[in-house]
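Chain residues, written in single-letter form:
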Amino acid sequence: MSPTPLVLGRFSLGVGDRFAHEAEAQLAACVAARKLGVEIVPVWNKSNREHNIIGSEPASTRAAADAAVKALGWKSPYFLDADHIGLKTVDRFVGVSDFFTIDVADFIAQPADPAAVKAFVDRHPELVGTIALAGIDRPFTTTRADVERTAAKFLLAVQEAGKVHRHIAAAKGVGRFVPEISMDETDSPQTPPELLVILAAIADEGVPIQTIAPKFTGRFNKGVDYVGDLAQFEREFNDDLCVIAHAVRRYGLPANLKLSVHSGSDKFSIYPAIRRALAKHGAGVHVKTAGTTWLEEVIGLAEAGGAGLALAKEIYAEALSHMDELCQPYATVIDIDRSRLPAAAVVNGWTSGQFVGALRHDQGNPLYNANIRQLIHVGFKVAAKMGPRYLEQLKACRESCSRNVTANLLERHIRPLFL
Ligand SMILES: [Zn+2]
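Summarised in this report is the structure supplied together with it.

Conventions adopted
Residues numbered from 1 in each chain as written. Predicted model: local features only at pLDDT ≥ 70, side-chain atom pairs only at ≥ 80, totals over all residues. Heavy atoms only, no water. Helix = DSSP H or I, 4+ residues; strand = E, 2+ residues; numbered from the N terminus. Rg over C-alpha atoms; globule rule 2.2 N^0.38 Å. Contact = heavy atoms within 4.5 Å. Areas by Shrake-Rupley, 256 points an atom, 1.4 Å probe, with all protein chains shown as cover. Donors = N, O, S within 2.8 Å, 3.2 Å for Na, K, Ca; no water. Buried < 20%, exposed > 50% of the residue type's maximum accessible area, 1.4 Å probe, protein only. Expected span 1.5 Å × (residues − 1). Arc of directions from axis to C-beta. Phe/Tyr/Trp six-rings, centres within 6.5 Å; stacked < 30°, edge-to-face > 60°. Lys NZ or Arg CZ within 6 Å of the ring centre and 35° of its normal.

## Some details on the overall build of the chain
Okay, so step 1: When you go through the chain residue by residue, the secondary structure sums to 18 helices and 10 strands.
Okay, so step 2: The globule rule puts the C-alpha radius of gyration for 419 residues at 22 Å, and the 22 Å found for the chain is close to it.
Okay, so step 3: Oriented by its inertia axes, the alpha-carbon framework of the chain measures out at about 70 × 50 × 40 Å.
Okay, so step 4: At a minimum sequence separation of 6, the contacts of the chain that also span at least 24 residues come to 80%.
Okay, so step 5: Taken as a whole, the chain presents about 16500 Å² of accessible surface, with 55% of it coming from carbon and sulfur.

Quick look at the structure:
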């Protein structure tokens, strides 16, 4: 008898923890949410890129999550996400992860084999013509050429996802992990009609995905609010939910398949639209909030004053002087106006209240500075280089760090999205 497959629940939060010290504070937000009436599945995610920058191993993420679960007596599911992996990077995660974000963005637009494209379109005549989906007012109208173009653009990426999935499944067994396919780190957003073609192809490839991360319209910069057309986002998000519901029925994809919103932390202006759409369609969502916790650590240090504040200032000064190097891996997901970054000498004169006011994501506070916030967001390498000096200060300022981590997830993320 095969064991019950692992199933991701309706609402889940990707909680990244750069230095593996906040798992308990993060889980405390899920515990509080449950008391308030909503079940949130915590998913600790850390990408290969982040492990490399910090010099950590996936086993440390597993150890921190397991310890938090034990300490708080969490009896519900939780997962460890090997975030943004591919065939070349997945192996170090296979032993400890039970959720895999298979990133195939680099394969989008690499032309697929024309014969495979033709076979796909021949196999799917239902994708050509007028497609009326429940919940969408205006049907999609597509020509065979449209579907061919979309298939040519995405088929190779989907085939690659199939390869990675089979590679993981060979080691762990099908159903022993949650597969996600991500296409978010690319130039142009995928439209709802494209998503339908992609899902048909994923079903053909036999990947039982439970979450899919398309690139949505608008800017999802790290740690700051959404920038884009709110009405268009809401329309497309709703259409995507209808496409997913249809694809689940039509192509036999897992019934719990849902959208995954990457760089989903701090996108306060779209949370009301997401919340409305989830309620309207009875849908679930996975929201990745990785970097927001590291920012709360720095806020916690600054709030503690004394040596904590001094270290927070040092992180800012170092980040400022290594800005190009720190920003480079994240160039497509940050927009920093360098003229709005104060000199290190200015920040060195700040009080705890000034530093916290600049960094905490409270857009109503005149001290708030989105440029500082994005710079610190990508600046965790500075803390990684500090090594034990950073970690000791985290311990010394435990109360304020934990309090800020929990409150941020609960009050600024879980509450507006789910409560
Ligand atoms: Zn992502």
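Having seen the structure, we can now continue with the description.
## Some words on the coordination of the zinc ion
Metal coordination angles in their ideal form are 109.5 degrees for the four-donor tetrahedron and 90 or 180 degrees for the six-donor octahedron.
Okay, so step 1: Coordination of the zinc ion by the protein is provided by H84 (NE2), D184 (OD) and H262 (ND1), with metal-donor distances spanning 1.9 to 2.6 Å.
Okay, so step 2: Sequence spacing of the donors to the zinc ion: H-x99-D-x77-H. Highlighted residues: H84 in strand β3 (residues 79–85) and D184 in the loop between β7 (178–182) and α7 (192–205), separated in sequence by 100 residues.
Okay, so step 3: Classification of H84 as buried rests on a relative accessible area of 16%.
Okay, so step 4: Using a relative accessible area of 14% as the deciding quantity, one classes D184 as buried.

## Observations concerning helix α3 (residues 58–72)
Okay, so step 1: Between the first and last C-alpha of α3 there are 22 Å, a value that for 15 residues agrees with the 21 Å anticipated at 1.5 Å per step.
Okay, so step 2: Along α3, the residues classified as buried are P58, T61, R62, A64, A65, A68 and V69. Along the axis of α3, the buried residues cluster in a sector spanning 165°; they form a single face.
Okay, so step 3: On its buried side, α3 packs onto α1 (23–35), β2 (41–47), α2 (48–54), β3 and α4 (91–94).
Okay, so step 4: Of the residues flanking the end of α3, it is G73, one or two places downstream, whose phi is positive at about 65°.

## Here's the deal with the packing of aromatic side chains
Okay, so step 1: Applying the stated criterion to the full structure yields 17 aromatic pairs.
Okay, so step 2: With 5.9 Å between their ring centres and 75° between their planes, F268 and Y271 make a pair best called edge-to-face.
Okay, so step 3: When its relative accessible area of 1% is taken as the criterion, Y271 is described as buried.
Okay, so step 4: Among the aromatic residues, those joined into a ring-pair cluster are F216, F220, Y226, F233 and F237.
Okay, so step 5: Geometry around F380 places R18 over its ring, the cationic atom sitting 4.3 Å from the centre.
Okay, so step 6: The ring of W74 carries the charged tip of R34 above its face, separated from the ring centre by 4.6 Å.

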